[in-house]
Amino acid sequence: MTIETKLKSNSERFVYAFDEAKGLDTALLGGKGAGLVQMMAAGLPVPAGFVITTEACRRNQDGSFSEGLWDEIEQAIRQLERRTNRGFGNGPKPLLVSVRSGAPVSMPGMMDTVLNLGLNEETAVALAHATGGGFRFAADTFARFARMFADIVLGLTEELLHDAEFLAELDAVKDEPSLRALVQSASEKVSAAAGEPFPTNPWGQLRRAVVAVFESWNSRRAVRYREHHKIPHDLGTAVVVQQMVFGNLGSPSGTGVAFTRDPRNGDPALYGEYLENGQGEDLVAGTHTPESIDAVGERHPAIISRFKTLARELEVVYKDVLDIEFTVEEGVLYFLQVRPGKRTAEAAVRIAIDLFDEGVIDSATALQRVTPDQLRQVLRPRFVPKAVQTARTEGKVLVTGTGASPGQVIGRIVCDPDRAEARAAAGEAVILVRMTTSPQDLHGMLAAQGIVTAKGGSTSHAAVVARALDKPCIVGCELLDVDALNQVVRVGGREFAEGEYISIDGLTGEVFAAEIPIGTSNPGALDRVSRILEMADSSSGGTVFNRVSTPDMAKAAIAAGARGIGTRNEEVLAASEGFETLVDAVSTYAQGDAAATSAALEALEDVLAETLVKIMKVVHPHPFAARIADLSSGRAGEAVANLTDSAPSPGIWLPLGAPELVRTQIRALIRAKESTAYPDNVMLMVGGTNTAAEAAALRSLCDDAGGKSIKLGIAARSAHCLLEFPEIAKHADMIWIDYRSLAAACYHYPDDLVLSRGVLRSYIDGGYMPINPVEQVDDVIKKLLPPISQNGNSCQFGVTFAGWTVNEEVVSFFTQRGFRHFGVESSELAATRLLIGRLTSSTS
């Protein structure tokens, strides 16, 4: 009688034989169990066994079994005896089993396994006779079982039965009496350590082993692993009970782990290791030195050839690179586990492309196989991590300031902007090191690879301009003394002359007195990234914008895949020596001198139009958005205030508080559009707008300035703007959610504060904020943002992530709401293109 006929319905079942579980999902069978079921269904050589489901684990966490569960386990063992023609705990051919954990989500090494279960003195002797007088093999197998049972079930030290005296006894086994003596000795040693008799009844061993595996689900290491990887704690683990096959039974026997493709680089060749005359625990523990699969294939070509053939067939079934555990017992191959293989970022990209080219997966699946983080890792020029750690260990961190603009670069120290420009023109990579910077330093800042200042914070001139130029920058290095006259930098009693190399990390704020090597991706990897991104673009139907400040940045953005370009007027002016015209316009506007104001505004219009033309020529005909100078943003407003003698008019903080300043920027944009014969996809962006009345007035300003061909975009930065979203949309061609500002506004925090990752993380970890806004959308935004399909007009919608790494959960929220336009940092272009493609392809 099978289990299925014994029980009334699947809903009452907790135990399934491998061949009875086809069609059940991984959530119930666990990853290991589901893999074994699938391999058996595909006709691969799999030792017989059964799965105790995750539901049984969830219901039996008190160290005891329900009677129904134990009845099912007993029946499953009886069925296994019949299938293998072996007896569990009796008979001339003893049935030994492995008892292994198998969670629905892979948790390698976190939970427990017991091998060779079912041994006692009599079954050990029977095993020896059944294997043709293999007394030494039987002794080794019992010793392995006793050690694992003592460790996993009884909680004793892992070193038990590894002492020299016991190992000598083990080596001396050569016949039945010495085997019996060894079993008795091992049992006594374990009993003495445990303070209880070593269990000799295989049924009792099995019951306690299953309980131990269940309990390992809530072990300290398993809980911490789940917390780190954000795996739910209520999944439970399945238990796989399977007939033992022995890789330690002599040649040709052994155990191996292999990947169907190289997990390091994605090479399609089989990659793996094999340990002759050993069990899986030897390979995993690293206590023995394995050989490569290819080396073993030279001695046993038939076995390894068959394994390779079956592994490739299995890969076609799973449609992914696989991690396979296998055992060879006296020349017979068995598959013990299969799961999708862990892989490096570079390998993930290559494997996805190769499987697509081979016709194994479609483009939508290929996109799901590569994560945005993996793409970032492949693309990001970065210091070699080991070299950074070495530099820190060797005390080569010269000084640490405030990371104001991210990036990692190497260059020669130069203390003067003129010399920086000259040396850069000569082909040298330079880092401009100054006490502070001013607009007069711009040419040196443009020439430098990175910028370091002794003074200043995140709103200083150096920080503002560096971000506009997308250059790494560190400010506030208070220990630095920069002597530009004598061309030397001093710190802590040490001197560094101009021309000496330093390396800077604009994220961590570290300045290294060393040349930290930068790792780059190989050309083949970059070609495959381009193909993945082409797949993403073809499926997304969205547009990714990048904010730039110079023509060179615009060229780079288009080359990196930006399909729309945005600018902020204060940033393009800062990057082109025109910032002083904005300062003059704001200053004269505050003074109320009509003639001076008119002249200043005219000068601003001329310079701004000329500056925008240079960028628009480069990006023509891509969608282009110019955002009016946002003097309420903190950084730009503070920079203006620092560079003028008179206090700016409070009106400049409001979208319509200084209408002449707005009109000037509208006219400049119109002139730039006309000069470049740009199509009608040019947009004026206005931030800080809260109401439909403001949007209507801004529309009128555009029309009055002759800008009917100019589209109007609104940047939503407040909760009130979300409340009037549908009404604002009636007057705007596009609404952009300024996500960082909006997330900060939910808590009335400054924008820059939410960029301070360390401060924000400690606050969240302290329980003072319910979520991390970088990773989750706040409930305030979820409640206030209406579904855009209810707006009933042609307005388009986008979201910007200035200064933030784009997060899948956040982008998924906006994608589900119908947003298809995303503004991101240049470093996030590729990741965002992939992410939008992944999200839209998975829902299409």
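Residues numbered from 1 in each chain as written. Predicted model: local features only at pLDDT ≥ 70, side-chain atom pairs only at ≥ 80, totals over all residues. Heavy atoms only, no water.

1. A look at the overall build of the chain
Along its length, the chain carries 35 helices and 31 strands. Classification of the 844 residues of the chain by burial places 54% in the buried group. When contacts within the chain are restricted to residue pairs at least 6 apart in sequence, long-range pairs at least 24 apart make up 68% of them. Within the structure as shown, the chain displays about 34800 Å² of accessible surface, and the carbon and sulfur contribution to it stands at 51%. The averaged location of the 105 negative side-chain charges in the chain is 3 Å from the averaged location of its 81 positive side-chain charges. (Helix = DSSP H or I, 4+ residues; strand = E, 2+ residues; numbered from the N terminus. Buried < 20%, exposed > 50% of the residue type's maximum accessible area, 1.4 Å probe, protein only. Contact = heavy atoms within 4.5 Å. Areas by Shrake-Rupley, 256 points an atom, 1.4 Å probe, with all protein chains shown as cover. Lys, Arg positive; Asp, Glu negative; His and termini not counted. Charge placed at Lys NZ, Arg CZ, Asp CG, Glu CD.)

2. Some thoughts on the packing of aromatic side chains
Using the criterion set out here, one finds 23 aromatic pairs in the structure. Taken together, a centroid distance of 5.2 Å and an interplanar angle of 85° make the contact between Phe137 and Phe246 edge-to-face. You can see Phe137 sitting in helix α6 (residues 135-153) and its partner Phe246 sitting in the loop between β5 (238-243) and β6 (254-259), a full 109 residues away along the chain. Geometrically, the ring pair formed by Phe813 and Phe814 is edge-to-face, given 5.0 Å between the ring centres and 80° between the ring planes. Residue Phe813 is classed as buried on the basis of its relative accessible area of 10%. Through successive ring pairs, a cluster of aromatic residues spans Phe725, Tyr739, Phe797, Phe801, Phe813, Phe814 and Phe819. Positioned over the ring face of Trp70 is Arg207, at 4.9 Å from the centre of the ring. Seen from the ring of Trp217, Arg226 lies directly overhead, with NZ or CZ sitting 3.8 Å from the centre. (Phe/Tyr/Trp six-rings, centres within 6.5 Å; stacked < 30°, edge-to-face > 60°. Lys NZ or Arg CZ within 6 Å of the ring centre and 35° of its normal.)

3. Points about helix α25 (residues 594-619)
Between its first and last C-alpha, α25 extends 37 Å over 26 residues, near the 38 Å set by a 1.5 Å rise per residue. If you check the start of α25, you find a side-chain oxygen 3.2 Å away from the backbone N of Ala595, and it comes from Asp593. (Expected span 1.5 Å × (residues − 1). Polar contact = N/O pair within 3.5 Å; in protein donor to acceptor, adjacent residues only side chain to side chain.)

4. A short note on the nonpolar core
With 100 residues, the main nonpolar core has Phe624, Phe725, Ile737, Tyr739, Phe814 and Phe819 as its most contacted residues. At ten residues, α25 tops the list of elements feeding residues into this core. Discounting chain neighbours no more than four positions away, the residues touching Phe725 are Ala716, Ile735, Ile737, Leu785, Pro786, Ile788, Phe797 and Phe819. In terms of nonpolar packing, the next biggest core, distinct from the first, is built from 74 residues, Phe65, Phe88, Trp217 and Met244 among them. (Core = buried A, V, L, I, M, F, W, Y, C linked by side-chain atoms within 4.5 Å.)

5. Brief notes about the pairing of strand β19 (residues 488-491)
Relative to β19, strand β18 (residues 481-483) runs antiparallel, the two sharing three bridges. Counted as the bridge partner of Val482 is Val489 from β19. Hairpin remark: β18 followed by β19, antiparallel, with four residues in the connecting loop; positive phi at Gln487, about 55°. In terms of strand pairing, β19 meets strand β20 (residues 494-497) through four bridges, oriented antiparallel. By the bridge assignment, Val491 is partnered in β20 with Arg494. (Pairing = 2+ DSSP bridges.)

6. Focus: the packing of helix α2 (residues 26-41) against helix α13 (residues 301-318)
It is at 11 Å that the axes of α2 and α13 come closest, and there the two elements cross at 110°. With respect to each other, α2 and α13 are oriented roughly perpendicular. In this structure, the crossing between α2 and α13 has a hand that is right-handed. Of the residues in α13, those in contact with Ala34, Gly35, Gln38 and Met39 of α2 are Leu314, Val317 and Tyr318. (Axes fitted to C-alpha atoms, helices over the stretch in contact; angles between N-to-C directions. Parallel < 35°, antiparallel > 145°, perpendicular 65-115°, else oblique. Left-handed = near helix turned anticlockwise from the far one by under 90°.)

7. Thoughts on unusual backbone geometry
Residue Pro621 is reached from His620 by a cis peptide bond, and omega for that bond is 5°. Along the chain, Pro621 turns up in the loop between α25 and β26 (624-627). Even without being a glycine, Glu577 presents a positive backbone phi close to 65°. With respect to the secondary-structure elements, Glu577 resides in the loop between α23 (569-574) and α24 (579-591). One non-glycine residue with positive phi stands out, namely His748, at about 60°. Taking relative accessible area as the criterion, His748 reaches 75% and is therefore assigned exposed.

8. Here's the deal with the side chain of Gln337
Relative to the assigned elements, Gln337 resides in strand β10 (residues 332-340). Of the residues examined, Gln337 reaches a relative accessible area of 4% and is grouped as buried. A polar contact of 3.3 Å, which involves the side chain of Gln337, links it to the side chain of Lys32. Not counting residues up to four positions away in its chain, the partners in contact with Gln337 are Lys32, Leu36, Met39, Arg100, Asp323, Ile324 and Glu325.

9. Some details on the pattern of salt bridges
Applying the stated rule across the entire model yields 47 salt bridges. With a closest N to O distance of 2.8 Å, Glu498 and Arg419 form a salt bridge. Here Glu498 is found in the loop between β20 and β21 (501-505), whereas its partner Arg419 is found in helix α18 (residues 417-425), with 79 residues between them in sequence. Given the relative accessible area of 12%, Glu498 is considered buried. Its relative accessible area of 24% is what places Arg419 among the partly exposed residues. Through salt bridges with shared partners, a single ionic network connects Glu121, Glu122, Glu176 and Arg180. (Salt bridge = Lys/Arg side-chain N within 4 Å of Asp/Glu carboxyl O.)

10. Description of the sheet that holds β20
Taken together, three strands build an open sheet; the order of strands is β18-β19-β20 and the sheet is antiparallel. Each edge of the open sheet carries a strand with a single partner, namely β18 and β20. Pairwise comparison of adjacent strand axes, ignoring direction, gives a mean angle of 20° for this sheet.

11. Quick look at the sheet that holds β21
If you walk across this open sheet you meet the eight strands as β12-β22-β21-β14-β15-β16-β17-β13, and the pairing is mixed. Of all the strands in the sheet, the pair left with one neighbour each is β12 (397-400) and β13 (402-405). Shown here is a sheet whose adjacent strand axes are inclined to one another by a mean of 30°, direction ignored. With three bridges joining them, strand β14 (residues 408-414) and strand β15 (residues 430-434) adopt parallel strand pairing. The residue bridging Arg412 from the neighbouring strand is Val430, located in β15. Sheet contacts for helix α17 (residues 385-393): β12 and β22 (510-512); angle to β22, the most-contacted strand, approximately 85°. Strand contacts of α18: β14 and β15, with the helix running at about 180° to β15, the strand carrying the most contacts.

12. Some thoughts on the side chain of Ser253
Mapped onto the fold, Ser253 is located in the loop between β5 and β6. A polar side-chain atom of Ser253 sits 2.7 Å from the main-chain amide nitrogen of Glu330. Not counting chain neighbours up to four residues away, the residues in contact with Ser253 comprise Phe246, Gly247, Tyr274, Glu276, Asn277, Val328, Glu329 and Glu330.

13. Regarding the confidence of the model for the chain
One rule of thumb: low pLDDT means the predicted coordinates there are not for detailed reading. Residues of the chain with pLDDT of at least 70 account for 93%, and the chain-wide mean is 88. Between the elements of the chain, mean pLDDT differs from a low of 38, seen in helix α1 (residues 3-6), to a high of 98, seen in strand β2 (residues 49-52). Within the model, the stretch residues 1-9 combines pLDDT values under 50 with 16 contacts to residues more than four positions away or in other chains. (pLDDT = per-residue confidence, 0-100.)

14. So, α17
For α17, the full list of buried residues reads Ala387, Val388 and Ala391. Buried residues of α17, seen end-on, are gathered within an arc of 100° and therefore sit on one face of the element. Structural note: α17 exposes Pro385, Lys386 and Thr393 on the side pointing more than 90 degrees away from its buried face. Directly after α17, the chain includes Gly395, whose backbone phi takes a positive value near 70°. (Arc of directions from axis to C-beta.)

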